[in-house]
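Understanding the architecture of this molecule
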Amino acid sequence: MSDKNKISEDITHLRDQLNHHSYQYYVLDDPEIPDVQYDRLYRELQSLEAQYPDLITNDSPTQRVGDKPLDGFSQVKHEIPMLSLDNVFNEEELSDFNKRLQQRLDNDDEIIFAAEPKLDGLAVSLLYEKGLLVRAGTRGDGSTGENITQNIRTIHSIPLKLLGKNIPDVLEVRGEVFMPKAGFEKLNQIARDNDEKQFVNPRNAAAGSLRQLDPKITAKRPLAMYCYAVGRVDGGAELSTHSEMLDHLKQWGLPLCNEREVVKGVQGCLNYFKKMSALRGSLPYEIDGIVYKVNSIKLQKELGFVAKAPRWAIAHKFPAQEEITRVNSIEFQVGRTGAITPVARLEPVFVGGVTVSNATLHNMDEVNRKDVRQGDQVIIRRAGDVIPEVVRVVPGSRKHHAKKVQLPDSCPVCGSEIEQEEGEAIARCSGGLFCAAQRKESIKHFASRKAMDIDGLGDKLVEQLVDGGCIDHVNDLYDLTAEKIVDLERMGKKSAENLIEALQKSKHTSLNRFIYALGIREVGEATALTLANHFTTLDAIKAADEESLQKVEDVGPIVAAHIVRFFKQPHNLEVIEKLLNSGIYWDEIEAVATKEQTLEGKTFVITGTLTEMTRDDAKKALQARGAKVTGSVSKKTNYVVVGDNAGSKAMKAEQLGIEMLDEKALIELLK
Ligand code: 9MJ
């Protein structure tokens, strides 16, 4: 074989491999090789083609993006018209559709339907001749569309060359080009970052992307396609059902929706509709209904067409998810965790199958970005069971005196200060212990095992106690008596007594547990422990300013600010006072700070297993002498304490030339 022939064979082999792996990835969603390996094969092909340009063919995977923008789109004529679908909106209309079919077919038997999601994109036609993609067009008016071959070729899930056997000489495939939700979000995020105009929805984004004259732009857009019908077919096997035809398309390498099913009668359609309605929100692409098609091709032919739609298919649309209404006011709600959420109170509107009178605005960034104001007309969206949201303001609907929305200074529920960290979208109420909106969560946290460890006081019981009016705040827990709670559902005398006993027992706690139990933002168990060890008394922590708090290991400016703000809220102090008055106490902590600060300014890492003491004890002992103990070795580390079976940290210390101590040397140092 000549060299050139060998190269040509190698190139063909690489293309076949790439086409196979694209199919596994895009159509079967079952990649066999990692992306890097695909990229390697791709680059190999690119390099061979660069050396032998005369061996480049139009169907090569490297040739998806053409190099010249078009002056305009030429026309494509659809020999067989591209049809649209009639709609039904409810069970009754679907039932009427089924009856019409049965009457026309003069048969009462239940009809078998192919059911598939109705994709919300753009209908296109792909023409394959001898297995090669030769033309792609939009639906246009059904008989003439635009030639978008250049742009369609950039969509990786669409094969430039069909795979497999028995491919018809001419195969016209039809389907929907769409933009998956994730790609749409990403595209809009990029637009936001660049202060550019965003797309209103994935459908518009897909349409805008296909209408580009420059295929390089289209190539950057995350488009996909699912096929659902055929137009002209010359040659190939006769098929008897729609579902069989779709299976063939898939075998030939074309992308198909995986959610399709064959169902029986109206009930089968409705079951599928219900199932897909529930799945809709979690699908990675937008659908706006379900399409039912008579599965038998013989029956399809018998039923024929009316005007522009087939008699044998119908779209069962989901209720509209977007509607227009007016914002009556904008208020702020406080969530269970203190998050402050702006909410638009609306003129009630029927959307997504229910009447909606409130819609979330998520956070102040969203309010500012969308610039929603009282009195504005807005588009409301309710997708599935998702909380309704304001999508955007209708341009020109603003009243001239409408003021910009401001975040309030204090919590609308408890009056505590509202805090919002720099760079954080969410503002929060800082009255965690006191705020009525947060009380259930704060009580659950307070009672939890790693906090006050109140045995038997689980989440359900907290809900019961609050809802039953037995307690408002954590301090009320210690005023409970068996008599007050015995009548609660599922309680009984014994359980009531047990709970009171557990409450009594929980009064003897430790300072770190108590600090943790207060539920200060970002103060977890570990931080609570270091705070307790560092300051040794609650009063000292209460009195600490941000600067002194930041001297504590792992406490940075944000956590320090949370702590200071928490203890500044009079309501929080009130609750703490009441808790202490009810008899909560802890053992005094050895005044660690009185130990000579012999290791001040030194940073330690402990690795491996120690035998004479636990790592935790070693850490505490080092900290008590002013040392900082961290988890990873860096240039800033002064000593690495190396126990048995030490691993990578010891190696890193060696590389960096950091002094290493064995356990004996550590004990010596602590003396
Ligand atoms: C969509 N939009 O998902 C059809 N469609 O069939 C499905 N559209 C259709 N089928 C014949 N799944 C004409 C249109």
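Residues numbered from 1 in each chain as written. Predicted model: local features only at pLDDT ≥ 70, side-chain atom pairs only at ≥ 80, totals over all residues. Heavy atoms only, no water.

What follows covers the overall build of the protein. A tally of helices and strands in the protein yields 24 helices and 26 strands. Here the C-alpha radius of gyration of the protein, 34 Å, is well above what a compact globule of 671 residues would show, namely 26 Å. Overall, the C-alpha framework of the protein stretches about 90 × 70 × 55 Å when taken along its three principal axes. For the protein, with 671 residues in total, the buried portion stands at 47%. Nonlocal contacts in the protein, meaning residues at least 24 apart in sequence, comprise 66% of its contacts between residues at least 6 apart. Summed over all atoms, the accessible surface of the protein reaches about 34600 Å², with 48% contributed by carbon and sulfur. Here the protein holds 87 positive side-chain charges and 101 negative ones, and the gap between their average locations is 3 Å. (Helix = DSSP H or I, 4+ residues; strand = E, 2+ residues; numbered from the N terminus. Rg over C-alpha atoms; globule rule 2.2 N^0.38 Å. Buried < 20%, exposed > 50% of the residue type's maximum accessible area, 1.4 Å probe, protein only. Contact = heavy atoms within 4.5 Å. Areas by Shrake-Rupley, 256 points an atom, 1.4 Å probe, with all protein chains shown as cover. Lys, Arg positive; Asp, Glu negative; His and termini not counted. Charge placed at Lys NZ, Arg CZ, Asp CG, Glu CD.)

Spanning 15 residues, helix 9 (residues 265–279) covers 21 Å between terminal C-alpha atoms, matching the ideal 21 Å at 1.5 Å per step. Every buried residue belonging to helix 9 is among G265, V266, G268, C269, L270, Y272, F273 and M276, and all of these are buried. Against the buried residues of helix 9 lie helix 3 (91–105), strand 3 (112–119), strand 9 (261–264), strand 10 (287–294) and strand 13 (313–317). (Expected span 1.5 Å × (residues − 1).)

Helix packing geometry: the angle between the two helix axes and the distance between the axes. Look at helix 3 against helix 9: their axes get within 10 Å of each other, and the N-to-C directions meet at 140 degrees. With respect to their mutual orientation, helix 3 and helix 9 come out oblique. Relative to helix 9, the crossing made by helix 3 is right-handed. Listed contacts from helix 9 to E91, L94, S95 and N98 of helix 3 are V266, C269 and L270. When its residues are assigned to classes, the contact of helix 3 with helix 9 shows 4 nonpolar, 2 polar and 1 charged. (Axes fitted to C-alpha atoms, helices over the stretch in contact; angles between N-to-C directions. Parallel < 35°, antiparallel > 145°, perpendicular 65-115°, else oblique. Left-handed = near helix turned anticlockwise from the far one by under 90°. Nonpolar A, V, L, I, M, F, W, Y, C, P; charged D, E, K, R; others polar.)

Once that is clear, we can look at the site of the ligand. Surveying the vicinity of the ligand reveals the residues L83, L85, E116, P117, K118, L119, E176, Y228, V291 and K293. Here a nitrogen atom of the ligand sits 3.4 Å away from a polar atom, N or O, in the side chain of E176. Taken by itself the ligand offers 340 Å² of open surface, and the protein chains cover 91% of this. For the shell around the ligand, the elements supplying multiple residues, two or more each, are strand 3 and strand 10. Examining the composition of the shell around the ligand, we find that 4 residues originate from one element, strand 3, more than from any other. (Near = heavy atom within 4 Å. Polar contact = N/O pair within 3.5 Å; in protein donor to acceptor, adjacent residues only side chain to side chain.)

Under the definition given, this model contains 1 cavity of 30 Å³ or more. Taken as a whole, the largest cavity holds about 170 Å³ of empty space. If you go around the largest cavity, you meet 18 residues; those closest to its centre are N19, S22, R64, H156 and P159. Listing elements by their share of the lining of the largest cavity, those giving two or more residues are helix 1 (3–27) and helix 2 (35–51). At 5 residues, helix 1 tops the list of elements feeding residues into the lining of the largest cavity. Each of domain 1 (3–63) and domain 2 (87–317) gives at least three residues to the lining of the largest cavity. (1 Å grid on protein atoms, 1.4 Å probe; cavity = no way out; pocket = protein on both sides within 12 Å on 5 of 7 lines; lining within 4 Å. Points joined across faces, edges and corners; volume = space filled by probe spheres on them. Domains from an automatic or database assignment.)

Right, let's get into the sheet that holds strand 26 (residues 659–661). With respect to topology, 4 strands assemble into an open sheet ordered 24-23-25-26, the strand pairing being parallel. Of all strands in the sheet, those with a lone pairing partner are strand 24 (628–630) and strand 26, marking the two edges. Across the sheet, the mean angle separating the axes of adjacent strands is 30 degrees when strand polarity is ignored. Examined bridge by bridge, strand 25 (residues 639–642) and strand 26 share 3 bridges and lie parallel to one another. If you follow Y639 over to strand 26, its bridge partner there is E659. Taken strand by strand, helix 22 (residues 615–624) contacts strand 23 (603–607) and strand 24, and its axis lies near 170 degrees from that of strand 23. (Pairing = 2+ DSSP bridges.)

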